[in-house]
Structures are given as structure tokens and as C-alpha cells.
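Fold and geometry: a report
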Amino acid sequence: MIAAANLPIFITGFCSQAAQTCPDVARDASFFKGALVSTLGQLRIIPDTVIIVLGVLPLVYFLFATYHHLKAQEIKEGESVWD
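From a predicted model like this one, the values you see are computed outputs, not experimental measurements.

What about the overall build of the chain?
Scanning the chain from N- to C-terminus turns up four helices and zero strands. Along the chain, from the amino end to the carboxyl end, the secondary structure elements read α-α-α-α. For the chain, buried positions account for 8% of its 83 residues.

Considerations on the packing of helix 3 (residues 35-43) against helix 4 (residues 45-67)
A pair of packed helices can be characterised by two numbers: the angle between their axes and the separation between those axes. Running from N to C, helix 3 and helix 4 point in directions that differ by 10°, and their axes come no closer than 5 Å. Taken together, the axis directions place helix 3 and helix 4 in an arrangement best described as roughly parallel. Contacts between helix 3 and helix 4 involve Gly41, Gln42 and Leu43 from the former and Ile45, Ile46 and Pro47 from the latter. For the contact of helix 3 with helix 4, the class distribution of residues is four nonpolar, two polar and no charged.

Examining the environment of Ile52
Considering the arrangement of structural elements, one finds Ile52 in helix 4. Of the residues examined, Ile52 reaches a relative accessible area of 45% and is grouped as partly exposed. Leave out the neighbours within four places in its chain, and Ile52 touches Leu57 and Pro58.

About the cut-offs
Residues numbered from 1 in each chain as written. Predicted model: local features only at pLDDT ≥ 70, side-chain atom pairs only at ≥ 80, totals over all residues. Heavy atoms only, no water. Helix = DSSP H or I, 4+ residues; strand = E, 2+ residues; numbered from the N terminus. Buried < 20%, exposed > 50% of the residue type's maximum accessible area, 1.4 Å probe, protein only. Axes fitted to C-alpha atoms, helices over the stretch in contact; angles between N-to-C directions. Parallel < 35°, antiparallel > 145°, perpendicular 65-115°, else oblique. Contact = heavy atoms within 4.5 Å. Nonpolar A, V, L, I, M, F, W, Y, C, P; charged D, E, K, R; others polar.

Below, the structure is given as C-alpha cells:
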């Protein structure tokens, strides 16, 4: 997921590096402060929101909705705990 989300930034850095002769273009701080990388970073909020809304929130709802239905396991008289 992290690699897929950052793939456009890696490709942009590679293209910038290939276009210029300086080998440290992608490592330069000005590259990461650029408009394209900033926009791509902001677009990551869309898949993150989808994961939270469709994955995490239903799971939390399920846990809270079923918590009060759990039964405590009872040990009967003469029954061993270790069996």
C-alpha cells in the first residue's frame, strides 16, 4: 500500500533525475516541496479515507455491537481448568 501510494512520487523523481544531469535531484528538498509532489501527497487522502470508511469503521461498529453478546465461559463444579 505504501509503495503503491508513493509510486507516482518515485516516477516523478526518476523522470526529473533522467531529465537533468544532477544525480541528486530526487533527494533535493526542493523536489519534495514542489507543486506536483505536494499535489500527489494531498491526493493520497482519497484512498486513505476509503480504507477508513469501508474497513475500519465497520469493524469498530461490529466490535461494539457484538461485545455485549459475549458469554463468560463458566467452569462447572469438579471440572478441571486445564482439560
